[in-house]
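Topology and contacts: notes
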Amino acid sequence: MDRILFRDYDPVRTKEFPIRYNTSKLGTKIHDPSNPFLCRLKLDSRCYSYEVAEYVDKFWIIAPIYAYYQSLQPVMYRHHLNFKAYMESFGLKFCNLEAIRPEKNQKYLVTKPGNEPFDIQLETSEEFYQRENYLNVAIKMINKTQDWEYVAWIDAHQIFEDNYWWEAAIVNMEKYASVQLFHRIVRWNYHNQTERIWLGAIYKSLLTSKLRDVAGESFYYGNAMSISRDFYHQIGYILDTCIASCCDCLYVLAAMDEKTEIPPLARWSAYVQRFTPWIKNAQKVFKGKRVTQRGDLLHMEHESFFSYYEALDVLNNTDFDVERDLVRAEDGKISIKNETIKEVFHRLQPIEKITRIVMKWVFVGVIVLVVLYITRDRWFYNLRKLFHKKELKD
């Protein structure tokens, strides 16, 4: 049976949303396939369709949260709780994955035990960028017990300008392989004042094949992306082995056609090269079928301690191999098994860097004091001699 296309999407009004077949493709339920014309004219009472909103319970939002210094990041946790209530107000399913580091006496602040897959609690001792890995861990757990069709990963400190973004997302995920849920990011400071405006990377890629800054504006890779279950299973998993961050950059790169140029990534070409197999496979699946949704995404400020650019620079010039240096557990969680790579990330932590700087100056101070102590007799002799000369002059 041919798929019956619905009318052009208008986010202001709720449109008819056709029922699913086993292929998970949109179509209208037809009693007599030999005469679909009557269904299209709504002259056959045995034909029926569904509203977009009736699929909202199959749409999951995943928002991982973990902190390097939990006590120093209260704003991030407050945003997270507000975001959960914000997403649930649309009727969306919300997966709240929280990871803590017991050795730093961290506690679970936004999740409850025994409520999987809505609340997932993990422990970690890792210090690399883990966000995308937690997405795959969450999806794997959701897949075990829940009937889902769509998933979005959204940073939990943002607000959509368009209140109907989720309706547009459901329709777009049926038409396109990769969906970026905004066309502009508006970054707010702590006083909720606009600090800077960025274009979405997919939106900009639809305007030009060369992503370069225009009129002082730059572009944003991640923050709010979504994909259907069918396409997720085809790509296997969301790229999560880029432990120095930029998984979202490479996901967007895979969503674009091969002719698109992304100059900023050239800075970390050796790092990007390590993920070529996943990118090439995803490009074959996506086939350049990408879309961006009109509307701004308001990004609220929060504390952050991960040194993104420094981590990328270091790992770009480090002998890092995904297969050799990483291991994936049965639940999908990634760990570093190369002690050298572990030490790289440990040294990148802000407190560690501050400690090293302080220790360096303490060491220098101690050396200076030792030298002064050893040469004290000569210093005192010279000082006495200097004051004696002054007295003679007077």
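Scroll up to find the structure.
Report follows, based on the coordinates. Small disclaimer: the values here were computed from a predicted structure and weren't measured.

1. Let's talk about the overall build of the protein chain
Looking only at helices and strands, the protein chain features 14 helices and 16 strands. In the protein chain, which comprises 394 residues, the proportion classed as buried is 50%. For the protein chain, the exposed area adds up to about 20800 Å²; of that, 55% sits on carbon and sulfur atoms.

2. Things to note about the sheet that holds strand β8 (residues 178-180)
With mixed pairing, the seven strands of this open sheet are ordered in space as β5-β4-β3-β6-β12-β8-β13. Of all the strands in the sheet, just β5 (119-123) and β13 (290-292) have a single pairing partner and so form its edges. Adjacent strand axes in the sheet meet at a mean angle of 20 degrees, parallel and antiparallel pairs treated alike. Against the sheet, helix α2 (residues 74-88) makes contact with β3 (59-62), β4 (93-100) and β6 (150-154), and its axis sits at roughly 160 degrees relative to β4, the strand it touches most.

3. Details of the state of the cysteines
Under the counting rule described, the total for this entry stands at two disulfides. A disulfide bridge connects Cys242 with Cys247, and the sulfur atoms are separated by 1.8 Å. Around the S-S axis, the bridge from Cys242 to Cys247 shows a dihedral of about 130 degrees and counts as right-handed. An identical accessibility class is assigned to Cys242 and Cys247; each is buried.

Rules behind the numbers
Just so you know, the residues in each chain are numbered from 1, in the order the chain's sequence is written. Whole-chain, interface and lining totals are the exception, using all residues; otherwise, since this is a predicted model, local features are given only for residues with pLDDT of at least 70 and side-chain atom pairs are given and counted only at 80 or more. Side-chain figures throughout are based on the complete set of non-hydrogen atoms in the structure, without hydrogens or water. We count a stretch as a helix when DSSP gives it H or I for four or more residues in a row; a strand needs E for two or more, and each element gets its number in order from the N terminus. The classification of residues rests on relative accessible area computed with a 1.4 Å probe and restricted to protein chains. Under 20% of the type maximum is buried, over 50% is exposed, and intermediate values are partly exposed. Surface exposure here means Shrake-Rupley accessible area, sampled with a 1.4 Å probe, where a residue is shielded only by the protein chains that are shown. A pair of strands is labelled paired if DSSP reports no fewer than 2 bridges between them. Note on method: axes are straight lines fitted to C-alpha atoms, helices fitted across the in-contact stretch only, with angles between N-to-C directions ranging 0 to 180 degrees. By definition in these notes, contact holds between two residues if any of their heavy atoms fall within 4.5 Å. In plain terms, two cysteine sulfur atoms within 2.5 Å form what is called a disulfide here.

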